[in-house]
Amino acid sequence: MSTLPSSALRLVPLGGLGEIGMNCLAVEADDGIVVVDCGVTFPQTDLGIDVFHPDFSYLEERRSRIAGVVITHGHEDHIGGLPYLLRCADVPVWAPAHAMNLAKERLVERGFELRQLKLNTIVPRTRYKIGPLSVEPVRVTHSILEACALILRTPAGTIVHTGDFKFDPTPPDGEHMDVERLKQVGDEGVRLLLSDSTNIDAPASSGSEKLVGEAIDKLVQDAPARVIVGLFSSNVQRLIMLGEIAQRHRRRICLLGRSANTHVRIATQMERLGWPSDLLVPSESVQAVPRSSLLVLASGTQAEPVAAMWRMATRSHPALALDPGDRVILSSRIIPGNDPAVLRMIGHLLRQGVEVRSRITDPEVHVSGHAHRDEQRRMLELVRPQSFVPVHGTLHHLHRHAQFARSLGQPDVLVAENGDVVEVGAGPLRKIDEVAVGKVATYDGEEISDDVLRERESLGRTGIAVVTLVVDVRGQLLSPPLLSTRGVLDAGEDKDLMRGAALEIAQALSGRPFASERPTDEQIIEVAQRAVRRNLDGISGRRPVAVVHVVRP
Ligand SMILES: [Zn+2]
Ligand SMILES: [Zn+2]
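Computed from a prediction, not measured in an experiment: that's the story for all the values here.

Caption draft 1: Geometry of the packing of helix α5 (residues 179–188) against helix α11 (residues 373–383). Orientation of α5 relative to α11, taken along the N-to-C sense of each, is 50°, at an axis distance of 7 Å. In terms of orientation, α5 lies oblique with respect to α11. Here V179, L182, K183 and G186 of α5 come into contact with α11, specifically with R378, M379, L382 and V383. Here the contact of α5 with α11 is built from residues that sort into five nonpolar, one polar and two charged.

Below you can see the structure in the form of structure tokens.
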């Protein structure tokens, strides 16, 4: 690592720059490190992975210097990595109450004793001294309660990190964006702005949550039977409006799905929902509620196969079977990559005679929680930073946001990716080094190694052949090879082909193809592996994973 003047500061992004998800940024002064956010990202392929978290080696090696982790808000891409980081570094965590309550769920799930952790709640417009920095949260509007931007006062000057934000002029929870504070800090002078790039391709403004409420209200009002709203349940602002809509149209709410239940429970504990006790119907009795008196809120808008929405679509939900004339509203966007699955789910619903409303048919049923271009411009104009680094986006988003900022006259703009070490000193921003970064796959809280993932991928592509050989000391077969395959041949129908493959293995071994009189297991395995893979390649066009067992009686 380069040596720097003591006034300089380094930014080391470990996740979230060059990808959407898994946000984690180390802000490093000479006398300590503050980590901003600690998130996870979800897999696009089905290899048995729950989540990926950032590779924390960089922080682990410097754990004694970490003063704390500051969380901007409670979305999984900002809090989900905490259990994994806290396993390798016992550091204090600072978060708004809502994010902290969600993080606690994750920590307890992973076996942490909460009282042994150093958890601190933060509120806006208050300064917290965390190691080398003073950290002040600023309220921003976003698709979750209590989202914050952070004003970081550092030895290199003031840094503003927007967190995830939009400018919602009419937030349903009544918590307005603290535009005034952002402007004040802009007046005082900001050395660097780090700002959310997610929606850089979207024109104009993202629109208020209130409009979503109005659109759904209309769709509930004229619905003849059940209404099922699929949503990202962490959006408590939307839950607040759905509670009002249900009461206005004399419908009771049933929550289907773990995520919906968790988020409603936490928001209720925090007195943010204020739903009357008889508003909710337990899922056990939902089928008995008159259809025109029911509003179901369900998790699983992305057609996740275990989630409530998919199970209703496929008539496999244990609590509720839909009927023709019911109305499903998908109050969500389709995350890129999920389109085919979501359209399949919509197909299953339509086949049941259920009416489906989505952002495709009714654009107002969802708005994004991330700033569109006009809002991103407004952020730059409020903060007026000396330097700018776009964050929270793929490289495409970061470059577009950088371009946009330059077009608005922003002088010093730098695009950095995960692993780039950015120096914030007296002059323009500079990349001074690179550190190792990566993502770690986990299932049920435990790491899955790269080797295991590679094997899973090959198994999916080619299938597997398992061969058992009973041999004497010279490596000669004492009985015909036993061969089974999975995902290669149809064991029931391709008996002749299987016999042919076994024969080829026998032939390969019978010619004494070994260097020594008394071949080792490894030498025998190599010959058999080659033979079986060659043979099956000839039949199926694929060289499967081949596992050979040698038995010596
Ligand atoms: Zn967010
Ligand atoms: Zn985010």
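Caption draft 2: Inspection of the packing of aromatic side chains at higher detail. Scanning the model with the defined rule gives two aromatic pairs in all. Geometrically, the ring pair formed by W94 and Y128 is tilted, given 6.0 Å between the ring centres and 55° between the ring planes. Here W94 is found in strand β7 (residues 93–95), whereas its partner Y128 is found in strand β9 (residues 128–130), with 34 residues between them in sequence. Looking at Y128, the relative accessible area reads 15%, which means it is buried. Ring plane angle 90° and centroid distance 5.8 Å describe the contact between F165 and F167, whose orientation is recorded as edge-to-face. Take F165 and F167: they sit in the same class, and that class is buried. It is R373 that lies over the ring of F404; its NZ or CZ is 4.3 Å from the centre.

Caption draft 3: Structural context of the nonpolar core. One finds L9, L11, L59 and I71 to be the most contacted residues of the largest nonpolar core, which totals 90 residues. Once residues lying within four places of it in the same chain are set aside, the contact partners of L9 are V27, E28, A29, L133, T154, P155, A156, I159, V422, E423 and V424.

Caption draft 4: Up close: the side chain of T301. Mapping T301 onto the fold places it in the loop between β16 (294–298) and α9 (308–313). In contact with T301, not counting residues within four places along its chain, are G230, L231, F232, S332, V342 and M345.

Caption draft 5: Structural context of the sheet that holds strand β4 (residues 32–36). The mixed open sheet is built from eight strands, whose spatial order is β8-β7-β6-β4-β3-β1-β22-β23. The open sheet has two edge strands with one neighbour each: β8 (119–121) and β23 (430–434). Strand-to-strand twist across the sheet, computed as the mean angle between neighbouring axes with direction ignored, equals 25°.

So, how was this worked out
Residues numbered from 1 in each chain as written. Chains lettered and ligands numbered in written order. Predicted model: local features only at pLDDT ≥ 70, side-chain atom pairs only at ≥ 80, totals over all residues. Heavy atoms only, no water. Axes fitted to C-alpha atoms, helices over the stretch in contact; angles between N-to-C directions. Helix = DSSP H or I, 4+ residues; strand = E, 2+ residues; numbered from the N terminus. Parallel < 35°, antiparallel > 145°, perpendicular 65-115°, else oblique. Contact = heavy atoms within 4.5 Å. Nonpolar A, V, L, I, M, F, W, Y, C, P; charged D, E, K, R; others polar. Phe/Tyr/Trp six-rings, centres within 6.5 Å; stacked < 30°, edge-to-face > 60°. Buried < 20%, exposed > 50% of the residue type's maximum accessible area, 1.4 Å probe, protein only. Lys NZ or Arg CZ within 6 Å of the ring centre and 35° of its normal. Core = buried A, V, L, I, M, F, W, Y, C linked by side-chain atoms within 4.5 Å. Pairing = 2+ DSSP bridges.

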